[in-house]
Amino acid sequence: MPYPMNNNASSHQHLKVGSTYLLEQLNEDDFFQLGRRKGRVLNVDSGSVLVRWSAHEETDWEGNKEKRKAYIQRIALQTEVKYIDNE
């Protein structure tokens, strides 16, 4: 008799748009928001997650607007993010 499926496994978890999750709970190609920045999960490793941040406009403390290009960064699995629709 096969082993029962683990209902807590990430592949069986239904994520709710707008809810907060740890990055380790998201799958590759899922989109999320952290503060004002939006990103996409590229790869989930054993200790970190590779993400691609979307290009965005940022205003510094003097009120100057700067356009930030998209970039790739590795961040911690335990980072809390808001799950958003794939754009």
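That block above? That's the structure.
Figured I'd write up the structure that's included with this text. (Residues numbered from 1 in each chain as written. Predicted model: local features only at pLDDT ≥ 70, side-chain atom pairs only at ≥ 80, totals over all residues. Heavy atoms only, no water.)

## Quick look at the environment of Lys65
Rule in force here: Secondary structure elements follow DSSP: runs of H or I of four or more residues count as helices, runs of E of two or more count as strands, with numbering from the N terminus. Note on contacts: a residue pair qualifies if any of its non-hydrogen atoms lie within 4.5 Å across the two residues.
Locating Lys65 in the fold gives a position in strand E6 (residues 65-68). For Lys65, the residues in contact, after removing those within four places along its chain, are Glu57, Glu58 and Thr59.

## Quick word on the sheet that holds strand E7 (residues 71-76)
Our working definition: DSSP bridges decide pairing: two strands pair if at least two such bridges lie between them. Axis definition: a line fit to C-alpha positions, over the contact stretch in the case of helices; interaxial angles, taken between N-to-C directions, run 0 to 180 degrees.
Pairing in this open sheet of six strands is antiparallel, and the strands run E1-E8-E2-E3-E4-E7 from one edge to the other. The outermost strands of the open sheet, each flanked by one partner alone, are strand E1 (20-22) and E7. Averaged over all pairs of adjacent strands, the angle between their axes in this sheet comes to 45°, without regard to strand direction. Judged from the five bridges that link them, strand E3 (residues 37-44) and strand E4 (residues 48-53) form a sheet pairing that is antiparallel. Looking at the pairing, Arg40 lines up with Arg52 of E4.

## Re the packing of aromatic side chains
For any pair of aromatic rings, geometry is given as the distance between the ring centres together with the angle between the planes. Let me state the cut-off plainly: Only centres within 6.5 Å qualify two rings of Phe, Tyr or Trp (six-membered ring in Trp) as a pair; their planes then separate them into stacked at under 30 degrees, edge-to-face at over 60, and tilted for everything else. Only protein chains enter the accessibility calculation, which uses a 1.4 Å probe; a residue whose area is less than 20% of its type maximum is buried, one above 50% is exposed, and one in between is partly exposed.
According to the stated counting rule, one finds two aromatic pairs in the structure shown. Where Tyr21 meets Tyr83, the ring centres are 6.4 Å apart and the plane angle is 85°; that geometry is what we call edge-to-face. Of this pair, Tyr21 sits in strand E1 while Tyr83 sits in strand E8 (residues 80-84); the two residues are 62 residues apart in sequence, bridging distant segments of the chain. Of the residues examined, Tyr83 reaches a relative accessible area of 13% and is grouped as buried. With 5.4 Å between their ring centres and 75° between their planes, Phe32 and Trp53 make a pair best called edge-to-face. Of this pair, Phe32 sits in strand E2 (residues 31-34) while Trp53 sits in strand E4, and the two are 21 residues apart along the sequence.

## Re the side chain of Asp30
Here is the rule we go by: Charged residues are defined here as Lys and Arg on the positive side and Asp and Glu on the negative side; His and the ends of the chain fall outside this count. Here, a salt bridge means any Lys or Arg side-chain nitrogen found within 4 Å of an Asp or Glu carboxyl oxygen. As used in this structure description, the phrase polar contact means that two N or O atoms lie within 3.5 Å; if the pair is within protein, one of them must be able to donate a hydrogen and the other to accept it, and residues adjacent in sequence are counted only when both atoms belong to side chains.
By secondary structure assignment, the location of Asp30 is in the loop between E1 and E2. It turns out Asp30 is buried and unbridged, and the closest side chain with the opposite charge, Arg40, is 9.7 Å from it. At 2.8 Å, the side chain of Asp30 forms a polar contact with the backbone nitrogen of Asn27. With residues up to four places along the chain from it excluded, the contact list for Asp30 reads Leu15, Gly39, Arg40, Val41, Tyr83 and Asn86.

## So, the environment of Arg52
Structurally, Arg52 can be placed in strand E4. As a C-alpha pair, Arg52 and Asp29 span 23 residues in sequence and 9.8 Å in three-dimensional space. Sequence-distant contacts of Arg52, that is, excluding residues within four places in its chain, are made with Lys38, Gly39, Arg40, Leu42, Ala70, Tyr71 and Ile72.

## Notes on the nonpolar core
Where we set the bar: Here the nonpolar core consists of buried residues drawn from Ala, Val, Leu, Ile, Met, Phe, Trp, Tyr and Cys, with membership extended through side-chain atoms lying within 4.5 Å.
If you look at the biggest cluster of nonpolar residues, it comprises twelve residues: Tyr21, Leu23, Leu26, Phe32, Val41, Val49, Val51, Trp53, Ile75, Leu77, Val81 and Tyr83. Here the element with the most residues in this core is E4; it accounts for three residues. Each residue touching Tyr21, except ones within four places of it in the same chain, is listed here: His14, Leu15, Lys16, Leu26, Thr79, Glu80, Val81 and Tyr83.

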